[in-house]
Amino acid sequence: MAVRDILLFPDPRLKAPCREAAFSAELRAALKDLEETMYASPGVGLAAPQIGVDARAVAVDVTRKPPSGRPAPAGHGLLLLVNPRITLMEGEQKMREGCLSIPDFLADVRRAARVRVEAWDADERPVIVETAGFEAVALQHEIDHLEGLLFLDRVENVKTDLFRRKKKGAA
Ligand code: NI
């Protein structure tokens, strides 16, 4: 296991759609690195391309204690998802997002309020995650990374919805 460097925008690897992940020793090692790198960062989610791995995999844990000291949002704890697919989106919410690959900005982004995600876990078992609120935002944000989409791509109005970050801490 290793904490890896997180690629920063505008690295072209962040803009390329990822390949389907195939289970192998190499993938398992990459998943452990993804998990370890996320927990070493101030973020609540990380996608494989952000550590330079071209495979459809994400790590999310919105329940970790936020740097702000506020209570952590409700959630499933660590979600390590391979080949995740969003199979249901309902409702709408707009929340402020950050990204470990875009450390200087935050933005208000419109996303589905509730999602169902179907994936495989690190042990190659099928998993279905149904969630809402902040965890649903985090999953949509990380799965976007697998398509080469960044939150900047979803900002509707850069004048009203995009902000320079004043202090550390990222989603
Ligand atoms: Ni991100």
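To be clear, the structure that these remarks concern was listed above.
Residues numbered from 1 in each chain as written. Predicted model: local features only at pLDDT ≥ 70, side-chain atom pairs only at ≥ 80, totals over all residues. Heavy atoms only, no water.

Peer 1: Report on the pattern of salt bridges, specifying residues and quantitative values.
Peer 2: Tallied over the entire structure, the rule returns 21 salt bridges. Here Arg96 and Asp108 are joined by a salt bridge, their closest N and O atoms 2.9 Å apart. With a gap of 12 residues between them, Arg96 in strand β4 (residues 93–99) and Asp108 in strand β5 (residues 102–111) connect regions that are remote in the sequence. Residue class for Arg96 comes out partly exposed when judged on its relative accessible area of 45%. A relative accessible area of 17% places Asp108 in the buried class. Here Arg111 ties to Asp144 by a salt bridge, and the two come within 3.0 Å at their closest N and O atoms. Here Asp144 lies in helix α2 (residues 133–146) and Arg111 lies in strand β5, a separation of 33 residues in the sequence. Residue classification places Arg111 among the buried positions, given a relative accessible area of 6%. Here the salt bridges do not stand alone but share partners, grouping Glu92, Lys94, Arg110, Glu156 and Asp161 into one network. (Salt bridge = Lys/Arg side-chain N within 4 Å of Asp/Glu carboxyl O. Helix = DSSP H or I, 4+ residues; strand = E, 2+ residues; numbered from the N terminus. Buried < 20%, exposed > 50% of the residue type's maximum accessible area, 1.4 Å probe, protein only.)

Peer 1: Account for the pairing of β4, with residues named and values stated.
Peer 2: Regular strands place side chains that alternate from one sheet face to the opposite one. As paired elements, β4 and β5 share 6 bridges and run antiparallel to each other. By the bridge assignment, Glu97 is partnered in β5 with Ala107. Hairpin connection of β4 to β5: 2 residues between the antiparallel strands. (Pairing = 2+ DSSP bridges.)

Peer 1: So what's going on with the coordination of the nickel ion? Residues and values would help.
Peer 2: Protein-derived ligands of the nickel ion are Cys99 (SG), His141 (NE2) and His145 (NE2), with the metal-ligand distances lying across 2.1 to 2.3 Å. Within one chain, the residues donating to the nickel ion are spaced in sequence as C-x41-H-x3-H. Here His145 and His141 lie together in helix α2, a separation of 4 residues that amounts to about one turn. Here the two residues His141 and His145 agree in accessibility, since each one is buried. (Donors = N, O, S within 2.8 Å, 3.2 Å for Na, K, Ca; no water.)

Peer 1: Account for helix α1 (residues 25–40), with residues named and values stated.
Peer 2: With 16 residues, α1 extends 22 Å between its outermost C-alpha atoms, agreeing within 8% with the 22 Å of an ideal straight helix rising 1.5 Å per residue. For α1, the complete set of buried residues consists of Leu27, Ala30, Leu31, Asp33, Leu34, Glu35, Thr37 and Met38. Next to the buried residues of α1 lie β1 (45–47), β2 (57–60) and β3 (79–90). (Expected span 1.5 Å × (residues − 1). Contact = heavy atoms within 4.5 Å.)

Peer 1: So what about the pairing of β2? Which residues, and what values?
Peer 2: Every second residue of β2 is oriented toward a common face, with Ala57 and Ala59 on one face and Val58 and Val60 on the other, all of them buried. Note that β1 and β2 share 3 bridges and pair antiparallel. From the neighbouring strand, Ala47 faces β2, where its bridge partner is Val58. Summarising the sheet, β2 and β3 pair through 4 bridges and their orientation is antiparallel. When the sheet's bridge partners are listed, Ala59 is paired in β3 with Leu80.

Peer 1: Which residues make up the environment of Asp104, and what are the values?
Peer 2: Checked against the element boundaries, Asp104 lands in strand β5. Put simply, Asp104 and Leu162 are 58 residues apart on the chain and 11 Å apart in space, counted from C-alpha to C-alpha. In this structure Asp104 touches Phe163, Arg164 and Arg165, once residues within four positions along its chain are discounted.

Peer 1: How would you summarise the sheet that holds strand β8 (residues 162–164) if you had to cite specific residues and measurements?
Peer 2: Strand order in the open sheet made by the 3 strands is β4-β5-β8, with antiparallel pairing throughout. Here the strands that pair on one side only, and so sit at the sheet edges, are β4 and β8. Across this sheet, the average inter-strand angle for adjacent strands is 20°, counted without regard to direction. Across the sheet, α2 is in contact with β4 and β5; its angle to β4 comes to roughly 55°. (Axes fitted to C-alpha atoms, helices over the stretch in contact; angles between N-to-C directions.)

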